[in-house]
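# A closer look at the structure
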Amino acid sequence: MLVTGASSGIGAAVSVLLASRGCRVVGSGRRAEGLTVAPDGSLEAAVVADLTEPGSAAGVVEKAVATLGGLDVVVSCAGAGWEGAFTTMPPAEIDNLLDINLRAPLHLAHAAAPHLLASGGQLVLVGSIAGLVGVPKEVAYGTAKAGLRGLADGLRIEWSSQGNPSASSSARPTVTLVSPGAVATPFFSRRNRPYSHSWPHPMPVTKVARRIVRAIDRRQEDVVVPAWLGLAVRLNGGLPGLYRALATFPWHIQRLPSG
Ligand SMILES: NC(=O)c1ccc[n+]([C@@H]2O[C@H](COP(=O)([O-])OP(=O)(O)OC[C@H]3O[C@@H](n4cnc5c(N)ncnc54)[C@H](OP(=O)(O)O)[C@@H]3O)[C@@H](O)[C@H]2O)c1
């Protein structure tokens, strides 16, 4: 298994959980010190790379395949945020957010695709609730994460007919989109502004990691964590006008956890 963003937060927690179940995990991140290899840590190997660099995602996949001999699961978790009014956002930050939250996962999926098609494996994209419903002050971040929805939907259809033709449908690659609300990780201290909402409190990272591992076990396609946030997604999809009215009401849905 390959996990990007394994040096911190959700990716680190997922890596530890997978390794504790006997999975062989190659982790990637920018900081070597966050990637601990066995016997001191949970990773079989670490790949230090900035995924926004051209060719980097393909290089990470290549190194993971060289270590593991193939790929059963790829968890695309590396990401970053920025909060503030859209009009005040420096243009370079727009590029940064699109690069790490959308362009990098797209290239990672592209490089991993032949291996996942060969193994009938699973691609797990870590999106955000901000990619499924509009979240004020996270417009560029939400736009990038919304792109993962398109990636997941398109690949599901493309791979449903392209997977190993001799395999049963359950052996074809699964594409999972995990969309969390606010999670207690260094994410918020690393972006330009810390988390400032009094409610809801960011959920423990272990809750999201366990949910991701369950989605891998069960080959689930769409996971919103916590589950109740799925109501907002359904409302936004079915009655967007009503959702928007509620979202502009000061103490209602605009306080939805983001990240
Ligand atoms: N925390 C939340 O509230 C929340 C909510 C919804 C979705 N998410 C999503 O969950 C994912 C993980 O976030 P987190 O909360 O675990 O944040 P985090 O603790 O800040 O971890 C982010 C990870 O992404 C890696 N990363 C960032 N930029 C990178 C780059 N240019 N190249 C390679 N790796 C890079 C970091 O590597 P280094 O440490 O080596 O820099 C780190 O491993 C992200 O996609 C985020 O958008 C988070």
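Please refer to the structure placed before this passage.
This report concerns the structure included in the present document. (Residues numbered from 1 in each chain as written. Predicted model: local features only at pLDDT ≥ 70, side-chain atom pairs only at ≥ 80, totals over all residues. Heavy atoms only, no water.)

### Focus: the packing of helix α1 (residues 9-20) against helix α6 (residues 205-218)
The N-to-C vectors of α1 and α6 enclose an angle of 55°; their axes lie 9 Å apart at closest approach. As far as their axial angle goes, α6 and α1 are oblique. As α1 runs across α6, the sense of the crossing is right-handed. Residues G9, I10, A13, V14, L17 and L18 of α1 touch α6, and the partners they reach there are V205, V208, A209, R210, I212, V213 and I216. Of the residues in the contact of α1 with α6, the class split is 11 nonpolar, 1 polar and 1 charged. (Axes fitted to C-alpha atoms, helices over the stretch in contact; angles between N-to-C directions. Helix = DSSP H or I, 4+ residues; strand = E, 2+ residues; numbered from the N terminus. Parallel < 35°, antiparallel > 145°, perpendicular 65-115°, else oblique. Left-handed = near helix turned anticlockwise from the far one by under 90°. Contact = heavy atoms within 4.5 Å. Nonpolar A, V, L, I, M, F, W, Y, C, P; charged D, E, K, R; others polar.)

### Section: the pattern of salt bridges
Tallying each qualifying case throughout the model produces 12 salt bridges. A salt bridge links R149 to D153; its shortest N-O distance comes to 3.1 Å. Taken together, the residues span about one helical turn, with R149 and D153 both in helix α4 (residues 139-162) at a distance of 4 residues. A salt bridge links R149 to D222; its shortest N-O distance comes to 2.9 Å. Here the residue R149 occupies a position in helix α4, and D222 occupies one in strand β7 (residues 222-225), the gap between them amounting to 73 residues. Given the relative accessible area of 25%, R149 is considered partly exposed. Exposure remark for D222: the relative accessible area of 44% places this residue in the partly exposed category. When salt bridges with common partners are traced through the structure, they connect R149, D153, R156, E221 and D222 into a single cluster. (Salt bridge = Lys/Arg side-chain N within 4 Å of Asp/Glu carboxyl O. Buried < 20%, exposed > 50% of the residue type's maximum accessible area, 1.4 Å probe, protein only.)

### Some words on the side chain of T176
Positionally, T176 belongs in strand β6 (residues 174-180). Within the structure, T176 has its side chain in polar contact with the backbone oxygen of Q220 (distance 2.6 Å). Other than its neighbours up to four places away in sequence, T176 contacts Q122, L123, V124, L125, R156, A215, Q220 and E221. (Polar contact = N/O pair within 3.5 Å; in protein donor to acceptor, adjacent residues only side chain to side chain.)

Bear in mind that shape data such as this cannot, by itself, settle questions of function.
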